[in-house]
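Close look at the chain arrangement
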Amino acid sequence: MRRIGYILLYICLALVAVFQIFPIIWLFMFSLKTNQEIFAGNPFAVPLDPKWGNYLKVFEGGIGVYFWNSIWITALATVLTILIASMATFAITRMKWKYSGLVLGVIMVGLMIPIHSALIPLYNMFLNVNLIDNPLSIVITYITYNLPITVMILLGFYTTIPREIEEAAIIDGSSIHRLFFRIILPISAPIMSTTVIINMIYNWNEFVFVNTFISSEKYKTLTVGIQNFIGQYMTDWGAIGATLVISVLPIIVAFLFFSNKIMEGITASAVKG
Amino acid sequence: MNKVMSNKWIIFLYTFPALLLIAVLIVIPLILSGYFGLMDWDGIGTMEFIGLDNYITALQDSKFWDSTLHSFLLALFSACSLIGYLAVALILASKIKGASLLRKIYLIPMLLSSVAIAQLWIKVYNPSNGMLNSILVGLGIENPPAWLADPSIVLYAIFVPIIWQYAGFYILIYYAALKNIPESLIEAAKIDGATPLQIALEIKVPLIMNVFKVTIVLSIVGSLKYFDLIYVMTGGGPNGASEVMASYMYKLAFSSYNFGYGSAIGFLLLIITLIVTVIIRKITANKDEIQY
């Protein structure tokens with residue numbers, strides 16, 4: 001009886017796993033098929049004669065530009081977010097001043113608000129300073145909107161740093177900048193790596209801001225770029241599949257290597273809210 | 001020591017970049033949104049102050065109410081599906097072999113961009129060649145529905161990829177919380193003769209209630225501001241059948257160039273989200289915090 005119960009539970013878990021993973025496997029498979037194979041054959045058929053030409057077609061179509069934009073915008077925004085968030089978290093948790101709680105509260109405003117409520121004024125602001133259709137608008141928006149979550153993840157670690165470390169550094173005649181850059185930042189490396197991963201995923205996948213602020217092809221990132229691509233291929237499923245695979249592959253590869261960090265970051269970013 | 005650590009200039013220097021960005025790009029736009037909502041404005045020409053007209057229009061706009069209703073339906077679905085995620089997490093956390101691998105598999109969709117998810121599910125739902133209808137036809141079902149083109153089912157059809165996207169996220173959170181429960185409590189219950197089901201429902205679930213409450217807020221507020229996937233999959237259509245608050249606002253502003261009215265809807269979205277957050281927090285407030 002107990003055995004049957006366990007088997008049933010396993011079947012439940014396995015069904016959920018199939019539901020979660022199968023659409024992705026199906027995507028990989030049809031990215032290597034021709035339309036005839038997709039439309040005539042059954043969806044579970046493995047492409048025995050993989051059509052890598054689909055990928056070639058997509059690269060020749062110019063997806064490389066979007067890919068490169070995604071990489072540099074993600075990287076730049078992530079680095080700056082973490083630097084600015086670390087500085088603010090340091091001042092809030094380690095320095096002694098009256099308004100630290102208030103400042104933290106202001107930073108946390110960004111956690112729950114719907115970005116759509118700020119979208120029109122943001123657009124108007126960027127228009128007035130000529131930053132519409134300029135990747136700078138995307139970078140500074142990403143930095144700003146990821147600051148709250150980054151500060152929140154860093155906060156827990158910063159409050160646990162022993163006072164003795166700071167005291168020793170200050171008594172040795174170290175300046176605060178030296179203390180921050182040479183001691184605090186290095187010892188916060190583990191938690192920083194968690195925030196790096198979270199920021200990278202958010203920035204890589206962001207859609208609304210790019211879709212609203214950027215109109216030139218040469219500045220678009222993958223999320224918006226693949227929209228164009230798919231529009232242009234219309235009914236060529238293989239090419240559409242290849243486009244999607246190219247856009248999700250970096251994240252899936254990152255997950256294979258850093259799954260524990262990613263899961264830690266996602267848990268931290270949710271539960272403390 | 002204290003003098004060094006309370007240096008006003010340093011504090012200013014370290015918090016200024018974060019505060020400036022948040023003030024200029026989050027706080028001020030939120031306030032401006034309410035202000036722009038008082039204007040008749042196409043985004044390019046001059047603004048004309050029209051008082052509360054946009055807000056009054058919104059209250060009489062059936063499209064706005066429909067999209068609000070859809071957003072709340074989505075929120076209701078999302079909150080209800082949390083129970084399913086909790087059940088999966090409870091099974092997963094009960095010393096199942098391969099739990100760690102399964103947890104990772106569940107999480108993969110969460111890592112993909114909403115655009116990729118939307119495009120993938122457009123293909124899954126494709127009436128003639130999609131994965132779903134291929135399977136249904138294979139099972140002998142004739143004329144399976146055109147999922148995304150049918151106004152009466154499109155909202156439910158969209159909800160499936162949303163579950164798909166977030167299931168792993170909530171399962172992960174519940175699993176982490178369940179793993180934090182001290183083993184001694186479970187052992188004690190076992191010695192007292194509690195069945196696994198009793199342990200799950202009467203010990204584990206109450207102990208992670210705080211986490212569950214946080215996820216209720218997350219899922220409801222997240223649903224109310226949900227946008228990407230719907231915008232890409234259906235653009236709110238057919239004929240507004242899957243329009244939600246954020247997509248309606250976006251359409252008004254960036255397709256119809258009705259920036260004044262769009263701002264008013266955006267501001268209402270903010271107000272609704274805040275009110276709902278406060279109400280859920282009140283309802284789920286801790287009367288007696290469980291400690292262990």
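As recorded in an unreviewed UniProt entry, chain B goes by Sugar ABC transporter permease and comes from Oceanobacillus profundus. As recorded by UniProt, the Sequence similarities (unreviewed entry) comment attached to chain B reads in full: "Belongs to the binding-protein-dependent transport system permease family."

Chain A is annotated in an unreviewed UniProt entry as Carbohydrate ABC transporter permease of Oceanobacillus profundus. Turning to chain A, the UniProt annotation filed under Sequence similarities (unreviewed entry) states: "Belongs to the binding-protein-dependent transport system permease family." Within the UniProt record for chain A, the comment given under Subcellular location (unreviewed entry) is "Cell membrane".

1. Focus: the overall build of chain B
Within chain B, the regular secondary structure consists of 14 helices and 2 strands. Compactness check: chain B gives a C-alpha radius of gyration of 24 Å against a globular reference of 19 Å for 292 residues, more than 25% above the reference. Taking the principal axes of the C-alpha coordinates as reference, chain B spans close to 80 × 75 × 30 Å. Within chain B, the proportion of its 292 residues that are buried is 43%. In chain B, once contacts between residues fewer than 6 apart in sequence are set aside, the share between residues at least 24 apart is 71%.

2. With respect to the overall build of chain A
A tally of regular secondary structure across chain A gives 13 helices and 0 strands. Listed N to C, the secondary structure of chain A is α-α-α-α-α-α-α-α-α-α-α-α-α in terms of helices and strands. Computed over the C-alpha atoms, the radius of gyration of chain A is 23 Å, more than 25% above the 19 Å expected from 2.2 N^0.38 for a compact globule of 273 residues. For chain A, the spread of C-alpha atoms along the principal axes amounts to about 75 × 65 × 35 Å. Taking all 273 residues of chain A together, 45% fall into the buried category.

3. Considering unusual backbone geometry
Positive phi values are uncommon outside glycine, yet A:Asp133 reaches one of about 60 degrees. Its location among the elements puts A:Asp133 in the loop between α6 (116-128) and α7 (135-159). Backbone geometry places B:Asn239, a non-glycine residue, at a positive phi of 55 degrees. The topology assignment puts B:Asn239 in the loop between α12 (228-233) and α13 (245-254). Its 9 C-beta neighbours within 10 Å are what place B:Asn239 among the exposed residues.

4. What to know about the interface of chain A and chain B
Taken together, the 72 residues of chain A in the interface contact 76 residues of chain B. Per-element accounting of the side of chain A that touches chain B gives the leading share, 12 residues, to helix α13 (residues 237-271) of chain A.

5. Examining the confidence of the model for chain B
Taken residue by residue, chain B gives an average pLDDT of 89. The fraction at 70 or more is 97%. Scored as a whole, the predicted complex attains pTM 0.91, and scored at its interfaces, ipTM 0.89.

6. Some points on the nonpolar core
Counting 167 residues, the largest nonpolar core has A:Ala88, B:Ala89, B:Ile171, B:Tyr174 and B:Ile265 as the members making the most contacts within it. At 17 residues, the largest contribution of residues to this core is made by helix α8 (residues 154-179) of chain B.

7. Observations concerning the environment of B:Ser242
All names here are of chain B. Relative to the helices and strands, Ser242 is located in the loop between α12 and α13. Given 26 C-beta atoms within a 10 Å radius, Ser242 is considered buried. For the pair Ser242 and Tyr156, spaced 86 residues apart in the sequence, the C-alpha separation amounts to 9.0 Å.

8. Section: the packing of helix α3 (residues 53-60) of chain B against helix α14 (residues 259-283) of chain B
Residue and element names in this part refer to chain B. Interhelical geometry of α3 versus α14 gives an angle of 70 degrees and a closest axis separation of 9 Å. Considered as vectors, α3 and α14 are oriented roughly perpendicular to each other. Seen along the crossing, α3 lies across α14 with a hand that is right-handed. The residues of α14 that touch α3, namely those facing Asn54, Tyr55, Thr57 and Ala58, are Gly260, Tyr261, Ala264, Ile265 and Leu268. Of the residues contributing to the contact of α3 with α14, the split by class is 6 nonpolar, 3 polar and no charged.

9. Here's the deal with the UniProt feature "transmembrane region" (unreviewed entry) in chain B
Residues and elements named next belong to chain B. Residues given the UniProt feature "transmembrane region" (unreviewed entry) here are residues 12-32, 72-93, 105-122, 153-177, 207-227 and 259-280. From the first C-alpha to the last, residues 12-32 spans 26 Å; its make-up is 100% helix and 0% strand. Along residues 259-280, the helical share is 100% and the strand share 0%, with 31 Å between the first and last C-alpha atoms.

10. Some words on the UniProt feature "transmembrane region" (unreviewed entry) in chain A
With numbering matched to this structure, UniProt assigns "transmembrane region" (unreviewed entry) to residues 7-29, 66-90, 102-123, 135-158, 179-202 and 237-258 of chain A. Between the C-alpha atoms that bound residues 7-29 of chain A there is a distance of 30 Å. The span itself is 100% helix and 0% strand.

11. Considerations on the environment of A:Ala168
Residue and element names in this part refer to chain A. Relative to the assigned elements, Ala168 resides in helix α8 (residues 163-171). You can call Ala168 partly exposed: it has 13 C-beta atoms within 10 Å. Ala168 sits 90 residues away from Phe258 along the chain, and the two C-alpha atoms are 35 Å apart.

12. Concerning helix α6 (residues 114-124) of chain B
Within α6(B), 10 of the 11 residues are buried, leaving the element largely enclosed by the surrounding structure. When α6(B) is considered as a whole, its buried residues turn out to be B:Ser114, B:Val115, B:Ala116, B:Ile117, B:Ala118, B:Gln119, B:Leu120, B:Trp121, B:Lys123 and B:Val124.

13. Looking at helix α12 (residues 222-233) of chain A
All names here are of chain A. Given a rise of 1.5 Å per residue, 12 residues ought to cover 16 Å, and the 16 Å separating the end C-alpha atoms of α12 matches this to within 8%. Of the positions making up α12, those classed as buried are Leu222, Thr223, Val224, Gly225, Ile226, Phe229 and Ile230. Positive phi appears at Met234, one or two residues downstream of α12, with a value of about 50 degrees.

14. Some words on the environment of A:Met152
By secondary structure assignment, the location of A:Met152 is in helix α7. Sequence separation between A:Met152 and A:Ala85 is 67 residues, and the spatial gap between their C-alpha atoms is 9.1 Å.

Each value, and the rule that gives it
Residues numbered from 1 in each chain as written. Chains lettered and ligands numbered in written order. Predicted model: local features only at pLDDT ≥ 70, side-chain atom pairs only at ≥ 80, totals over all residues. UniProt positions renumbered as here; feature names shortened; annotations may be inferred. Helix = DSSP H or I, 4+ residues; strand = E, 2+ residues; numbered from the N terminus. Rg over C-alpha atoms; globule rule 2.2 N^0.38 Å. Buried ≥ 20, exposed ≤ 12 C-beta atoms within 10 Å, placed from the backbone. Contact = placed C-beta atoms within 7 Å. pLDDT = per-residue confidence, 0-100. Core = buried A, V, L, I, M, F, W, Y, C linked by C-beta atoms within 7 Å. Axes fitted to C-alpha atoms, helices over the stretch in contact; angles between N-to-C directions. Parallel < 35°, antiparallel > 145°, perpendicular 65-115°, else oblique. Left-handed = near helix turned anticlockwise from the far one by under 90°. Nonpolar A, V, L, I, M, F, W, Y, C, P; charged D, E, K, R; others polar. Expected span 1.5 Å × (residues − 1).

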